[in-house]
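Coordinate analysis (summary)
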Amino acid sequence: MDNKSDYAATGAADGKAPTGGVTRRDVIAAAAGVLLAGPFSVRAQGAPAENTITVGFMSPRTGALGGFGETDPYVLELARKTLAAGLVVGNRKYAVRILDRDTQSDPARASQLAKALINSDKIDLMLATSTPEVVNPVSDACEAAGVPCLSTVLPWEAWYFGRGAKPGAPSPFKWTYHFSFGGSEFERTYVSQWNGPVVTNKRVGVLYPNDADGNAIRANLAPALQKAGFTIIDPGPYEDGTTDYSAQIARYKAEHCEIFNTFPIPPDFAAFWRQAAQQGYNKITKIVQIAKTGLFPSQMEALGTLAINLASACYWHKNFPYKSALTGISGVELADGYEKASGKQWTQQLGATMALLDAGFDVLRASSNPKNKAEVAKALASLQSTTMVGKIDFTKGPVPNVAPVPIIGTQWVKAPAGSKFKLELVITENATDPNVPVNAKLVSYS
């Protein structure tokens, strides 16, 4: 396969801790070296298959969604360094292989790569992250093959209902589990953010695409916001890749929508917002609340000054008060290590990917036999773990196979003098997790 790196961590069955005495500084330094050196491939020598846990990892590193996977090599190497001495489950130590794959933002490729990991590489657990274009086809492949799968970073409704589950009916899924924010978290965050210091007419222009994310948000979030006292102006679904948004912009201007909300793929928002500026809509908006795009510095910097004061939301920020259950490092250590190694600004995907690995290896530890897929799935169903993004609990719902996690209100502001970066992401509200510190007040876009 192309675009892949394989790693095996081996260790004798001596009952030592999985880290083998590795310090947090060692972990970060090793990841920095690998990030600078480039991709490599190492395989276990002499480790029988029954003594090796093989984990698949799927994310988009290239294509329209490539921003989600940009930091994955660094985080994966932190995990691999920690697991270099093996993973202890019960009184037995296993070697670990993490096989990571780039879906190239293509659902068909995601499905194909998942099936190859399942059938050829004989993985014991699949981990998948970032948008329904990746996670849903990977989850479907695992469900069909009877392989346990844990995923994150897309609204849980788009994962659960988008894959065929029905409201009020028993879950059709036995092997696939998902922890992520959902409509309820967005509602609480947006109501908190929009009822904050920026006063508006509460008229919200929404631009929701005709895809799994957009349809789930339209069905679940928009009615909740309406009940919370906001008037929703929805011109209707649009297709991904649309290039002309003149009709939608004209509607928002005519309705005088001082709040704007959208869940597009990043290139679509860039096209829309440039057209909105050309046609004067950006002079009307006081809160521009974006999701799925606006998550990463590179996306914002591409918009130039149009990005300043765009409101977003984060599923992880370096100031979250949680540490990685797998590596033991803090959010600030994770972000600073990445910036030092790459020269690039930290992104919220760092913490989300780390949390997926935290939870995944907690599941393997909790299983009575990590080589028995049914036992791993059983451990997934009862997982309670504290990860880099916070607490994950699959015993509480809101539906089977799903554990909700927070989404926190943020805003992109001009970086302070002396910063080597152009923008800074600040936390403006914390309704879904009061443990997260707020460090700024929302300011008006126009």
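These remarks concern the structure in this document. Owing to the predicted nature of the structure, the values given are computational and were not obtained by experimental measurement. (Residues numbered from 1 in each chain as written. Predicted model: local features only at pLDDT ≥ 70, side-chain atom pairs only at ≥ 80, totals over all residues. Heavy atoms only, no water.)

**Observations regarding the packing of aromatic side chains**
We count it as follows: Stacked, edge-to-face and tilted labels apply to pairs of Phe, Tyr and Trp rings (six-membered ring for Trp) whose centres lie within 6.5 Å, assigned for plane angles under 30 degrees, over 60, and everything in between, in that order. The way it works is that DSSP assigns letters per residue, a run of H or I at least four long becomes a helix, a run of E at least two long becomes a strand, and they are numbered from the N terminus. Think of it in three bands: with a 1.4 Å probe and only protein chains considered, a residue is buried below 20% of the maximum accessible area for its type, exposed above 50%, and partly exposed in between. Here, a charge over a ring is recorded when the distance from Lys NZ or Arg CZ to the ring centre is within 6 Å and its angle to the ring normal is within 35 degrees.
Scanning all chains against the criterion turns up 29 aromatic pairs. With centroids separated by 5.7 Å and ring planes inclined at 90°, the aromatic side chains of Tyr177 and Phe394 adopt a geometry described as edge-to-face. Of the two residues, Tyr177 sits in strand 7 (residues 176-180) while Phe394 sits in the loop between strand 14 (390-393) and strand 15 (402-404), which places them 217 residues apart along the sequence. In this pair, the class of Tyr177 matches that of Phe394, namely buried. Ring geometry for Tyr238 and Tyr245: centres 5.7 Å apart, planes at 80°, overall edge-to-face. For Tyr238, a relative accessible area of 4% corresponds to the buried category. Judged by relative accessible area, which is 0%, Tyr245 ranks as buried. A connected cluster of aromatic rings, assembled from ring pairs, spans Tyr238, Tyr245, Tyr252, Phe260, Phe269, Phe272, Trp273, Tyr281 and Tyr445. In this structure, Arg163 is placed above the aromatic ring of Trp159, and the distance from its NZ or CZ to the ring centre is 4.7 Å. Sitting over the ring of Phe173, Arg163 keeps its end group 4.0 Å from the ring centre.

**Here's the deal with the packing of helix 2 (residues 72-82) against helix 12 (residues 349-366)**
Keep this limit in mind: Here, axes are lines fitted to C-alpha atoms. For helices the fit covers the stretch in contact, and angles between N-to-C directions go from 0 to 180 degrees. Note: crossing handedness is left-handed where the near helix turns anticlockwise from the far helix by less than a right angle, and right-handed where it turns clockwise. In this description, contact between two residues means that some pair of their heavy atoms is separated by no more than 4.5 Å. The classification used treats Ala, Val, Leu, Ile, Met, Phe, Trp, Tyr, Cys and Pro as nonpolar, Asp, Glu, Lys and Arg as charged, and all other residues, Gly among them, as polar.
Contact pair helix 2 / helix 12: the axes reach a minimum separation of 9 Å and the direction vectors enclose 35°. Regarding helix 2 and helix 12, the two cross each other, and that crossing is right-handed. From helix 2, Asp72, Tyr74, Val75, Leu76, Leu78 and Ala79 reach across to helix 12, where they touch Gln349, Leu350, Thr353, Met354 and Leu357. The residue inventory of the contact of helix 2 with helix 12, partitioned by class, reads 8 nonpolar, 2 polar and 1 charged.

**Remarks on helix 4 (residues 132-145)**
Selection criterion: Here a helix's expected span is defined as the number of its residues, less one, multiplied by 1.5 Å.
Here helix 4 contains 14 residues, and its C-alpha end-to-end distance of 19 Å stays within 8% of the 20 Å for a straight helix at 1.5 Å per residue. Within the sequence span of helix 4, burial applies to Pro132, Glu133, Val134, Val135, Asn136, Pro137, Val138, Ser139, Ala141, Cys142 and Glu143. Where helix 4 terminates, the next one or two residues include Gly146, which has phi positive at roughly 75°.

**Structural notes on helix 3 (residues 107-119)**
Inclusion rule: By the criterion applied in these results, polar contacts are pairs of N or O atoms within 3.5 Å in which, for protein atoms, one can donate a hydrogen and the other can accept it, and in which residues neighboring in sequence qualify only through two side-chain atoms.
The terminal C-alpha atoms of helix 3 lie 18 Å apart, and with 13 residues this matches the ideal 18 Å at 1.5 Å per residue to within 8%. For helix 3, the complete set of buried residues consists of Arg109, Ala110, Ser111, Leu113, Ala114, Ala116, Leu117 and Ile118. The inward-facing, buried residues of helix 3 contact strand 2 (52-59), strand 4 (92-102), strand 5 (125-129) and helix 4. Between the side-chain oxygen of the N-cap and the backbone nitrogen of Ala108 there are 2.9 Å, and the N-cap of helix 3 in question is Asp106.

**Considerations on the pairing of strand 14**
The criterion, for reference: Only strands joined by at least two bridges in the DSSP assignment are considered to pair.
Judged from the 4 bridges that link them, strand 13 (residues 384-387) and strand 14 form a sheet pairing that is antiparallel. Of the residues in strand 14, the one forming a bridge with Ser385 is Ile392. Hairpin connection between strand 13 and strand 14: a loop of 2 residues separates the two successive antiparallel strands.

**What to know about the packing of helix 12 against helix 13 (residues 373-381)**
Put simply, the rule reads: Roughly parallel means an angle under 35 degrees; roughly antiparallel, over 145; roughly perpendicular, 65 to 115; everything else is oblique.
At their nearest, the axes of helix 12 and helix 13 sit 8 Å apart, and the two run at 120° to each other. With respect to helix 13, the axis of helix 12 lies oblique. In this structure, helix 12 crosses over helix 13, and the sense of that crossing is right-handed. Every residue of helix 13 that contacts helix 12 at Val363, Leu364 and Ala366 is listed here: Val376, Ala379 and Leu380. Taken together, the residues of the contact of helix 12 with helix 13 break down into 6 nonpolar, no polar and no charged.

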